[in-house]
Amino acid sequence: MNGGADSRAVRVVLADDHPMYRYGLAAVLATSGTVDVVAEAGNGDDLLAAVERTAPDVVVTDLAMPGLDGTAATRALLARHPSLGVLVLTMHEDDQALFGALRAGARGYLLKDADSADIVRAVLTVAAGDAVYGKAVAHRIIAFFTGAHRAYAAQVFPELTEREREVLDLVALGHGNHQIAGRLVLSEKTVRNHVSAILFKLQVSDRAAAVARARDAGMGGQPPSPSG
């Protein structure tokens, strides 16, 4: 740890279950002259305790850790400390890991192959209250919001037809039957029939429950939530 860092340095807690990786990352951050690594943790439970003990500005965490994982730890931390900046630094670049972390409240997401300067810059960016994503991660976010979410929704709701998924997406956006009918050039009766079929197939009792399921899957302009 960099106990002699400038008092204006960003206070950081590191969480990763690989001690040698934490050691190297702590050395990189400490030599930057702008970051003070105040604690380290090897799992999510220790991370929660370290944050309570040291009150950092930023947490840099992996996702896959024993016990409480990085996503669950992020959610728990931000419930207690909403202004805390969380930067995910991980090997996982799949959509489930990415959007799970973002839904939990992480303001940054980098892959572990990022260079030292990018990591330091990301820590400072998150500490300032801004969001930062690595190039590959940014491309995945853009791809999701420009059409990949349809394929994702098809995987999550294979029981629905393509038209029913279109209707559900508009329901999740808050549109009523009249608006949906106009958007899809359908009669309101047809839209009502589609909505009834959706409720039956998803085994939910009302539109609100269907909307909750849809938004968890990334419909209605929402990033998908982590499964399980």
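This write-up is about the structure you can find in this document. Here the structure is a predicted model, which is why all the values come from computation and not from measurement.

Moving on, we get to helix α8 (residues 177-184). Every buried residue belonging to α8 is among Asn177, Ile180, Ala181 and Leu184, and all of these are buried. One side of α8 carries all its buried residues, which in axial view fall inside an arc of 100 degrees. Relative to its buried face, α8 has exposed residues pointing more than 90 degrees away, namely His178, Gly182 and Arg183. On its buried face, α8 is in contact with α7 (162-172), α9 (188-202) and α10 (207-216). Among the residues trailing α8, valine 185 stands out with phi positive, at a value near 55 degrees.

Val13, Leu47, Val59, Leu77, Leu84, Leu98 and Tyr109 are the most contacted members of the largest nonpolar core, which totals 28 residues. Counting only elements with at least two residues in this core, the list comes to β1 (10-15), β2 (35-41), α2 (44-54), α3 (70-80), β4 (85-90), α4 (95-104), β5 (108-111) and α6 (135-156). The biggest single contributor to this core is α4, with 5 residues. Those residues in contact with leucine 98, other than ones at most four positions away along the chain, are Tyr109, Val137, Arg140 and Ile141.

Attention shifts here to the environment of lysine 135. Positionally, lysine 135 belongs in helix α6. With a relative accessible area of 67%, lysine 135 lands in the exposed category. Once the C-alpha coordinates of lysine 135 and leucine 111 are considered, the two residues, 24 residues apart in sequence, prove to be 9.4 Å apart.

Attention shifts here to the pairing of β5. Burial along β5 is two-sided: Gly108 and Leu110 facing one way and Tyr109 and Leu111 facing the other are all buried. As paired elements, β4 and β5 share 4 bridges and run parallel to each other. What sits directly across from valine 88, in β5, is tyrosine 109. With respect to chirality, the unit in which β4 leads through α4 into the neighbouring parallel β5 is right-handed. Relative to strand β6 (residues 132-133), β5 is paired through 2 bridges, and the arrangement is parallel. Paired with glycine 108 across the two strands is valine 132, which belongs to β6. Viewed along the sheet, the connection from β5 through helix α5 (residues 116-127) into β6 turns out left-handed.

Criteria and cut-off values
Residues numbered from 1 in each chain as written. Predicted model: local features only at pLDDT ≥ 70, side-chain atom pairs only at ≥ 80, totals over all residues. Heavy atoms only, no water. Buried < 20%, exposed > 50% of the residue type's maximum accessible area, 1.4 Å probe, protein only. Helix = DSSP H or I, 4+ residues; strand = E, 2+ residues; numbered from the N terminus. Arc of directions from axis to C-beta. Contact = heavy atoms within 4.5 Å. Core = buried A, V, L, I, M, F, W, Y, C linked by side-chain atoms within 4.5 Å. Pairing = 2+ DSSP bridges. Right-handed = clockwise from strand over helix to strand, strands pointing away.

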